[in-house]
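Each chain, letter by letter, is given below.
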Amino acid sequence: MTALAPRTKAAADWRALGTTVRLVVTDPALLDSCNLLLARQLAEVDAACSRFRTDSELAALDTARGRPVRVSPLLAEALAVALRAAEATDGAVDPTVGSAMDAIGYDRDFTLVREDDRPVSLRVRRAPGWRRVTLDRATGTVTVPEGVRLDLGATAKAWAADRAARVLADTAGCGVLVSLGGDTAVAGEPPEGGWQIRVQDVTGPVGERPAQGSYDMVGLGSGGLATSGTGARRWQRGGYDLHHIVDPRTGLPVRSPWRTVSVAAATCADANAASTAALVKGAGAERRLTRLGLPARLVTHRGTVVTTPGWPAPAVPLEDAA
């Protein structure tokens, strides 16, 4: 989990896209107007990309039966980000896992998933593969083979955070931080010393130091920071302990030596793709992230912390360095 340290210029917290939303701006007078614009941005993303809305653009692709479908520029951009992430991670982050997500019970908003007691049947089944999806930016069309269901959950929130932070900073002319479920993007002029963000292993309130698990303070001046983990979105069904990160090679929740992986990159979308791929690929992820030149913090299930070059050395925070 990534959480902004509590004492910042002005902040708002709410929920959208089935997750927590945190907006912080360096000019308190602009918080309300930026928050309204952010709500509009996220509503547009939800209408385009939601797997849980029958009226979303993404859902319409399920009934296309392999025919090209003209989509909005917004959904085309979201799909382009998902396909780039799949290519960059050698398929470890793959948008064609929609049917696998349904099969393990993640077929509705997560608040409802935990209340569902229907049995599930777990079978190893490789995802169809991102290369089977064709996005034609020139014509604005997408072709998805019949029977293939897309899920943009692995990339859409991080991309939405990047997009919103950029638009809000350009519009308001101040520094902006947008965090969607811990996927954090910043834009505009940062506060002095950069945005101070607490990276922690156990989900908890933003304004409180975690009672359990380790954490680091990170100063972020630009780009994005994302944490992927198997502990936050978990549920039980039919005796199985399940979580939301699926391995495209098996169609089942990933079994990884890492509990959480945090990555900083030029964009939140890039950071999220790298952190999710590290969980999926498992052992040796710290070496792969080092070769990519990405600062990262990986935590094993036993709590051992491994970092790559560029990640700040642990320090005793002064009042959470807010």
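Above: the structure in question.
Residues numbered from 1 in each chain as written. Predicted model: local features only at pLDDT ≥ 70, side-chain atom pairs only at ≥ 80, totals over all residues. Heavy atoms only, no water.

So, about unusual backbone geometry. Trans is the prevailing form of peptide bonds, just as negative phi is the prevailing case for residues other than glycine. Backbone geometry places Arg65, a non-glycine residue, at a positive phi of 55°. Along the chain, the position of Arg65 falls in the loop between helix H2 (57-60) and strand E4 (69-70). For Arg65, a relative accessible area of 62% corresponds to the exposed category. The backbone of Asp90 sits at a positive phi, close to 55°, despite the residue not being glycine. Within the secondary structure, Asp90 is located in the loop between helix H3 (73-88) and helix H4 (98-103). Overall, the relative accessible area of 68% leaves Asp90 in the exposed class. (Helix = DSSP H or I, 4+ residues; strand = E, 2+ residues; numbered from the N terminus. Buried < 20%, exposed > 50% of the residue type's maximum accessible area, 1.4 Å probe, protein only.)

Moving on, we come to the environment of Val45. With respect to the helices and strands, the residue Val45 is situated in helix H1 (residues 31-49). Along the chain, Val45 and Leu75 lie 30 residues apart, while their C-alpha atoms are 7.9 Å from each other. In contact with Val45, other than residues within four places in its own chain, are Leu17, Ser50, Leu74, Trp159, Ala160 and Arg163. (Contact = heavy atoms within 4.5 Å.)

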